[in-house]
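A structural walkthrough
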Amino acid sequence: MYQPLVSGRGGLVRTSKGVAYIEMAEIATPLEELVVLAEEADLVRLITLNKPHHLNVIGEEVVALLATYFEKWEKDDSAELIIIKGAGRAFSAGGDLRMFYQGRDKNDSCLEVVYRMYWLCYHLHTYKKTQVALVNGVCMGGGAALIVPAKFSVVTEKTVFATPEAGIGFHTECSFSYIHSRIPGHLGEYLALTGARLNGKELVAAKLATHFVPSEKLPELEKQLISLNKGEEDAVKSVIEEFSSDVQIDEESILNKQSTIDACFSKDSVEQIISSLEAELSKEGNGWIGPVLKGLKRSSPTGLKITLRSIRDGRKQTLAECMKEEFRVTISILRTKISDDVYEGIRALIINKGNFPKWNPSSLEKVSNEDLDLVFQPFEERLELIIPETEERRWDGKYEDSAYAAI
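Residues numbered from 1 in each chain as written. Predicted model: local features only at pLDDT ≥ 70, side-chain atom pairs only at ≥ 80, totals over all residues. Heavy atoms only, no water.

This brings us to the overall build of the chain. A tally of helices and strands in the chain yields 16 helices and 13 strands. For the chain, whose C-alpha radius of gyration is 21 Å, the value lies close to the compact-globule estimate of 22 Å for 407 residues. Based on the C-alpha atoms only, the size of the chain along its principal axes is roughly 60 × 55 × 40 Å. Considering the chain as a whole, with its 407 residues, one finds that 57% of them fall into the buried category. For the chain, restricting intrachain contacts to residue pairs at least 6 apart in sequence, the fraction spanning at least 24 positions comes to 73%. Of the accessible surface of the chain, which amounts to about 18,000 Å², a share of 48% is contributed by carbon and sulfur atoms. Averaging the positions of the 48 positive and the 61 negative side-chain charges in the chain gives two centres separated by 3 Å. (Helix = DSSP H or I, 4+ residues; strand = E, 2+ residues; numbered from the N terminus. Rg over C-alpha atoms; globule rule 2.2 N^0.38 Å. Buried < 20%, exposed > 50% of the residue type's maximum accessible area, 1.4 Å probe, protein only. Contact = heavy atoms within 4.5 Å. Areas by Shrake-Rupley, 256 points an atom, 1.4 Å probe, with all protein chains shown as cover. Lys, Arg positive; Asp, Glu negative; His and termini not counted. Charge placed at Lys NZ, Arg CZ, Asp CG, Glu CD.)

Next up, the structure:
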């Protein structure tokens, strides 16, 4: 049986260097009010994202707690298997976009949480202990970034995956320039630019998840993983495979359109991608392209162009290079270096839920390569995301170690 980590619970306090996690011997906060639950059972650790009424969105406190627990458990010889899941009907709907919007008039108000999240993403991709993500529901954006790097990611018929950020004037981040650029063919560009959704079986078929398990079996799988009480990969895999099913994607699945996707989304520019899709639309069996075109044409031109360049850069970059570039691109977007589309998109589509955003620039042709260069321009070395260069110091480079903490 799991026990709450009383000594592992703590609080976040604002210090001169940013947000710090302080452990406490006792904590009076009711469990239902904790945004992350951390529990232990001998050699097993369980993280539950615990904001079910808000689809377990990821904000400043969640990021700080996740980073604290993952570091602590990687260093702890008594922790071998880490399981992560979400409370309620979502795993996680991703980053708290309202947080970005509320901080739009404050100088770099979200820089710290962005820095911490991207630093965490790097460490999840390179984590030393066995992770199992149990994904039963919505899993988007930054939430999806918590599952794809896991050694085992278990999805169900209720799983819904998407990376829809480009459509609101943002870009696919939290390591997705690295992830999407490594999907075979050009499915990554398709997912990033269109924000298309994949179901659980499609995620396994696309190798973005490892196993499909019917949702009614998920509680028993979790119990068996706890009973296994070790992190040896073959043993964990064997337990999961007792519950998993082979996947057969539907005939109408977008994954069956791979040849057309590759032909169109391999083009050099968003304009060329759209022209190619328009040419394909008239061919028999390509009716699915109509809604894709409609979605692209109502998306932020700036967001689309930034996203395509990010994915293309990712094809040539290491994980560390991707994370550094994503950091500078995100901060440049939030600073409205060439456009305020991200705030307009959040206002219209997230806060007002459906109002038509007024993009600026209003068309793809008005977003120049010179504009994009400004967004991707490197920062001073001291202001870049710090990625550890040696294994001995792999947990260095936290926000409080950065130049930003002293500014």
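For residues other than glycine, phi is negative in most cases, and the peptide bonds are mostly trans. Omega for the peptide link from N360 to P361 comes to 5 degrees, which places this bond in the cis form. Relative to the helices and strands, P361 resides in the loop between α15 (341-351) and α16 (369-376). Phi at C174 is positive, roughly 55 degrees, even though this residue is not glycine. By the secondary structure assignment, C174 is in the loop between β11 (160-162) and α5 (176-180). Even without being a glycine, N229 presents a positive backbone phi close to 60 degrees.

Time to look at the sheet that holds β11. As summarised here, the arrangement of the four strands in space is β7-β9-β11-β12, forming an open sheet in which the pairing is mixed. For this open sheet the edge positions go to β7 (90-92) and β12 (198-199), each flanked by a neighbour on one side alone. Strand direction decides the pairing type here: strand β9 (residues 138-140) and β11, joined by three bridges, are parallel. The residue bridging V138 from the neighbouring strand is V160, located in β11. (Pairing = 2+ DSSP bridges.)

Bringing the pairing of strand β10 (residues 152-155) into the picture now. Residues F152 and V154 point to one face of β10 and S153 and V155 to the other, with burial holding for every one of them. With four bridges joining them, strand β8 (residues 130-135) and β10 adopt parallel strand pairing. Along β10, the bridge assignment pairs V132 with F152. Where β10 meets strand β13 (residues 211-212), two bridges bridge the pair, whose relative direction is parallel. By the bridge assignment, V154 is partnered in β13 with H211.

In the predicted model, the chain carries a mean pLDDT of 93, and the fraction of residues at 70 or more is 93%. Long-range and interchain partners of residues 5-27, a stretch whose pLDDT sits below 50, account for 60 contacts in this model, where long-range means more than four residues apart. (pLDDT = per-residue confidence, 0-100.)

Before going further, it helps to spend a moment on the environment of G142. Examined against the element boundaries, G142 turns out to sit in helix α4 (residues 141-144). When near neighbours in sequence (up to four residues on either side) are disregarded, G142 contacts I58, G94, G95, M117, E165 and C174.

Below, the discussion takes up helix α3 (residues 111-125). Its 15 residues place the ends of α3 22 Å apart at the C-alpha level, agreeing with the 21 Å of an ideal helix rising 1.5 Å per residue. Counting buried residues in α3 gives 14 out of 15 residues, a clear majority hidden from the surface. (Expected span 1.5 Å × (residues − 1).)

On to the side chain of T163, then. Mapped onto the elements, T163 comes out in the loop between β11 and α5. A residue is classified by how much of its surface remains accessible, and T163, at 1% relative accessible area, is buried. In this structure the side chain of T163 is engaged in a polar contact, spanning 2.9 Å, whose partner is the side chain of H180. Among the polar contacts made by the side chain of T163, one reaches the main-chain carbonyl oxygen of L191 at a distance of 3.5 Å. Those residues in contact with T163, other than ones at most four positions away along the chain, are G141, T172, F176, H180, L191, A192 and G195. (Polar contact = N/O pair within 3.5 Å; in protein donor to acceptor, adjacent residues only side chain to side chain.)

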